[in-house]
Amino acid sequence: MATGSAFDEAPVVTDQAAIDESHWVERAKQADTAAFEKLYRRHVDKVYGLCLRMTGNAAEAEDCAQEAFIQAWTKLGKFRGDSSFATWIHRVAVNSVLGRMRKSRREQDRIRAVNEIAPARESIGDSGNLQDMEIAINELPSGARHVFVLHAVYGYSHDETGNMLGIAVGTSKAQLHRAKRLLSQQLKVANGEI
Amino acid sequence: MSDNERNEFDDEIMQAAGKLATAVAPARDLWPGIEAAITAPARPQRSVWNSVWAQAAAVLLLVGGSSGLTYLAMGGATSTLPPQSAGTGPQLVFEPVSGSFGSQYNLGSEFQVAHNELDAKLAEQLRQLPPETRSDVQKNVNTIREAIREINIALAAEPDNVLLQELLLSTYREEMDLMIKVDGLASEVMRRNDI
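Q: Explanation requested: the overall build of chain A in the structure shown.
A: Helix and strand content of chain A: 10 helices and zero strands. Here the analysis covers contacts within chain A between residues at least 6 apart in sequence; of these, 65% occur between residues at least 24 apart. Approximately 9,300 Å² of chain A is accessible, and the part contributed by carbon and sulfur atoms is 49%.

This is the structure:
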């Protein structure tokens, strides 16, 4: 499936935009907060989106995204430009999510809350209604969910996914397989096939 | 379900996942919080070694002060000045003082020994002061030691609170300064009596 990150392949970053971004990064490294704000404005939606899909909780995702940018500011000196800034800030965001989840016991509460508030499902069918998929992803166990989100939704390779999550490539593949099995079951239930 | 059907369904899942939005705008602007965090003045990093050196300095001060007081009291005018009667003023009662500096630091037994020695010397010297002066000094000493006791209680709850550790150290210094002043007062009394 995915061989590179969604950001590296994303066509939204034009040459001029990349030059601007590189300039902002250099200025931000010199403690220019205005330049860092520009980086924030450009990337916040994708960083927040990743945090939201990994945590499944809007408030938690806001905290994670905020923490990711604060961490990025403090670690910016270590950013050498080997990857794009987008990929780098994604790694920081994933670390932020994992760090918070390790500390927090709210994960269990989150799963319960999702089960309690999940609306009656509609069939995905061919209409492209992705609501079931969203809900089904949210209900995945965290290990399978993280791999699925990074690999299937955000397009990172298994190498990159394993690297970001601190797991072996084989584990990443196994978790993806598990995620697909679980999603398959849930979506069949949603479609009334079971 | 056959393998083919399963693979087809897997493909559908992956295709559907690929259609999910990757960019989601947060409900509120996160920048103000980020800006506040990154522009806040950095807290000075408190080095463990600074604390260790501070402790060492405190111990040296106390041991040195104790030796100095011992020298002044014992080697000075002890033979020329009869100590005042213990019955001329209120009995001095000092609360024991702990030498704890949080979970990672402890002033240790040397500090306690030096402190006890100074404490004994202070009581002895106070007896040589006029009752009014002695009363004032006693109040000051008790105030400082009460502060030390309360800071130690707070430190027990928050052993790694740097502010409390610094407060405790500075209060010990105040106690030390007071002891030295008492020594000065006692010496002054001795000199006047000598005349």
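Q: Would you explain the overall build of chain B in this entry?
A: When helices and strands are counted, chain B shows six helices and zero strands. Along its sequence from the N terminus, chain B presents helices and strands in the succession α-α-α-α-α-α. By the burial criterion, 36% of the 195 residues in chain B qualify as buried. Put simply, of all contacts in chain B between residues at least 6 apart along the chain, 80% involve residues at least 24 apart. Taken as a whole, chain B presents about 11,300 Å² of accessible surface, with 56% of it coming from carbon and sulfur.

Q: Please clarify how the environment of Gly143(A) should be interpreted in this entry.
A: Topologically, Gly143(A) is positioned in helix α8 (residues 142-153). Taking C-alpha positions, Gly143(A) is 8.9 Å from Ser172(A), a pair spaced 29 residues apart along the chain.

Q: Help me understand the packing of aromatic side chains in this model?
A: If you walk through the whole model with that rule in mind, you get eight aromatic pairs over all chains. Summarising the aromatic geometry, the rings of Tyr40(A) and Trp31(B) are spaced 5.4 Å apart at their centres and angled 40 degrees between planes, so their arrangement reads as tilted. One end of the pair, Tyr40(A), is in helix α3 (residues 33-55); the other, Trp31(B), is in helix α2 (residues 31-39), on a second chain. Seen from their ring centres, Phe85(A) and Trp88(A) are 5.7 Å apart, and the 40 degrees between their planes marks the pair as tilted. Of this pair, Phe85(A) and Trp88(A) both sit in helix α5 (residues 85-103), three residues apart, which is roughly one turn of the helix.

Q: Explain the interface of chain A and chain B to me, please; I cannot follow it from the model alone.
A: By a frequent convention, interface size equals the accessible area lost on bringing the separate parts together. Each partner contributes residues to the interface: chain A has 37 residues there, and chain B has 27 residues. Roughly 2,900 Å² is buried in total at the junction of chain A and chain B, and carbon and sulfur atoms are behind 70% of that figure. Linking chain A with chain B are three salt bridges, by the criterion used here. One salt bridge in this structure joins Arg41(A) and Asp29(B), with 3.0 Å as the shortest N-O distance. Scanning the region where chain A abuts chain B turns up 11 residue pairs in polar contact (both at pLDDT 80 or more). Going through the elements one at a time, α3, α4 (58-75), α7 (131-138), α8 and α10 (169-190) of chain A are the ones with two or more residues in the side of chain A that touches chain B. Residue contributions to the side of chain A that touches chain B peak at 13 residues, all from α3(A).

Q: What should I look at first to understand α3(A) in this one?
A: Helical geometry: 3.6 residues make up each α-helical turn, so side chains three or four residues apart lie on a common side. All names here are of chain A. Along its 23 residues, α3 runs just 28 Å from first to last C-alpha, ending more than 12% under the 33 Å computed at 1.5 Å per residue. For α3, the principal kink sits at His 43 and spans about 55 degrees. Measuring from the side-chain oxygen of the N-cap residue of α3 to the backbone nitrogen of Ala 34 gives 2.9 Å; that N-cap residue is Asp 32.

Q: It is not clear to me how α2(B) should be interpreted in this structure. Could you clarify?
A: All buried positions along α2(B) are accounted for by Trp31(B), Ile34(B) and Ile38(B). The buried side chains of α2(B) occupy one side of the element, clustering within an arc of 65 degrees when seen end-on.

Q: Mind showing me how you'd approach unusual backbone geometry here?
A: Most peptide bonds take the trans configuration, and most residues that are not glycine carry a negative phi. Phi angles above zero are rare outside glycine, and Ala31(A) is one such case at about 70 degrees. Within the element layout of this structure, Ala31(A) appears in the loop between α2 (15-29) and α3.

Q: How do you make sense of the packing of α3(A) against α5(A) when you look at a structure like this?
A: Packed helices, taken two at a time, are described by the angle their axes make and the gap between the axes. All names here are of chain A. Between α3 and α5, whose axes approach to 10 Å, the crossing angle comes to 40 degrees. Considering the angle they form, α3 stands oblique to α5. Relative to α5, the crossing made by α3 is right-handed. Where α3 approaches α5, its residues Leu 39, His 43, Lys 46, Val 47, Leu 50, Cys 51, Met 54 and Thr 55 are matched on the opposing element by Phe 85, Ala 86, Ile 89, His 90, Ala 93, Val 94, Val 97, Leu 98 and Met 101. When its residues are assigned to classes, the contact of α3 with α5 shows 13 nonpolar, three polar and one charged.

Q: What exactly am I supposed to notice about the nonpolar core here?
A: Soluble, globular proteins show a tendency: their nonpolar side chains are buried together. Counting 60 residues, the largest nonpolar core has Phe36(A) and Phe148(A) as the members making the most contacts within it. Residue contributions to this core peak at 10 residues, all from α3(A). Residues contacting Phe148(A), with those up to four places away along its chain left out, are Ile137(A), Leu140(A), Val153(A), Leu176(A), Ala179(A), Lys180(A), Leu183(A), Ile13(B), Met14(B) and Ala17(B). Leu118(B), Leu126(B), Ile151(B) and Met176(B) belong to the second-largest nonpolar core, a separate cluster that totals 17 residues.

Q: Just to check I follow, could you spell out the environment of Ile34(B) for this structure?
A: Summarising the element assignment, Ile34(B) is placed in helix α2. Leaving out residues up to four positions away in the same chain, Ile34(B) has contacts with Phe36(A), Tyr40(A), Gln66(A), Phe69(A) and Ile70(A).

Q: Is there a simple way to think about a negative patch on the surface in this case?
A: A surface patch of negative charge is lined by Glu5(B), Glu8(B), Asp11(B) and Glu12(B). Position of Asp11(B) among the secondary structure elements: in helix α1 (residues 3-19).

Q: Looking at this structure, I do not really get the pattern of salt bridges. What am I missing?
A: Where charged atoms of side chains with opposite charge meet at close range, the side chains can pair. Residue and element names in this part refer to chain A. Inspection of the entire model under this criterion finds 13 salt bridges over all chains. Between Glu 26 and Lys 29 there is a salt bridge, with its nearest N and O atoms 3.8 Å apart. Taken as a pair, Glu 26 and Lys 29 lie in helix α2 at a separation of three residues, close to a single helical turn. Judged by relative accessible area, Glu 26 falls into the partly exposed class, the value being 42%. Residue Lys 29 is classed as partly exposed on the basis of its relative accessible area of 30%. Residues participating in the shared-partner salt-bridge network are Glu 60, Asp 63, Glu 67 and Arg 100.

Rules and cut-offs
Residues numbered from 1 in each chain as written. Chains lettered and ligands numbered in written order. Predicted model: local features only at pLDDT ≥ 70, side-chain atom pairs only at ≥ 80, totals over all residues. Heavy atoms only, no water. Helix = DSSP H or I, 4+ residues; strand = E, 2+ residues; numbered from the N terminus. Contact = heavy atoms within 4.5 Å. Areas by Shrake-Rupley, 256 points an atom, 1.4 Å probe, with all protein chains shown as cover. Buried < 20%, exposed > 50% of the residue type's maximum accessible area, 1.4 Å probe, protein only. Phe/Tyr/Trp six-rings, centres within 6.5 Å; stacked < 30°, edge-to-face > 60°. Buried area = accessible area lost by both parts, 1.4 Å probe. Salt bridge = Lys/Arg side-chain N within 4 Å of Asp/Glu carboxyl O. Polar contact = N/O pair within 3.5 Å; in protein donor to acceptor, adjacent residues only side chain to side chain. Expected span 1.5 Å × (residues − 1). Bend = angle between axes of the 7 residues up to and from the residue. Arc of directions from axis to C-beta. Axes fitted to C-alpha atoms, helices over the stretch in contact; angles between N-to-C directions. Parallel < 35°, antiparallel > 145°, perpendicular 65-115°, else oblique. Left-handed = near helix turned anticlockwise from the far one by under 90°. Nonpolar A, V, L, I, M, F, W, Y, C, P; charged D, E, K, R; others polar. Core = buried A, V, L, I, M, F, W, Y, C linked by side-chain atoms within 4.5 Å. Patch = residues over 30% accessible without salt bridge, like charges linked within 9 Å, V, L, I, M, F, W, Y side chains within 5 Å. Lys, Arg positive; Asp, Glu negative; His and termini not counted. Charge placed at Lys NZ, Arg CZ, Asp CG, Glu CD.

That's the geometry; what it means functionally is another story.
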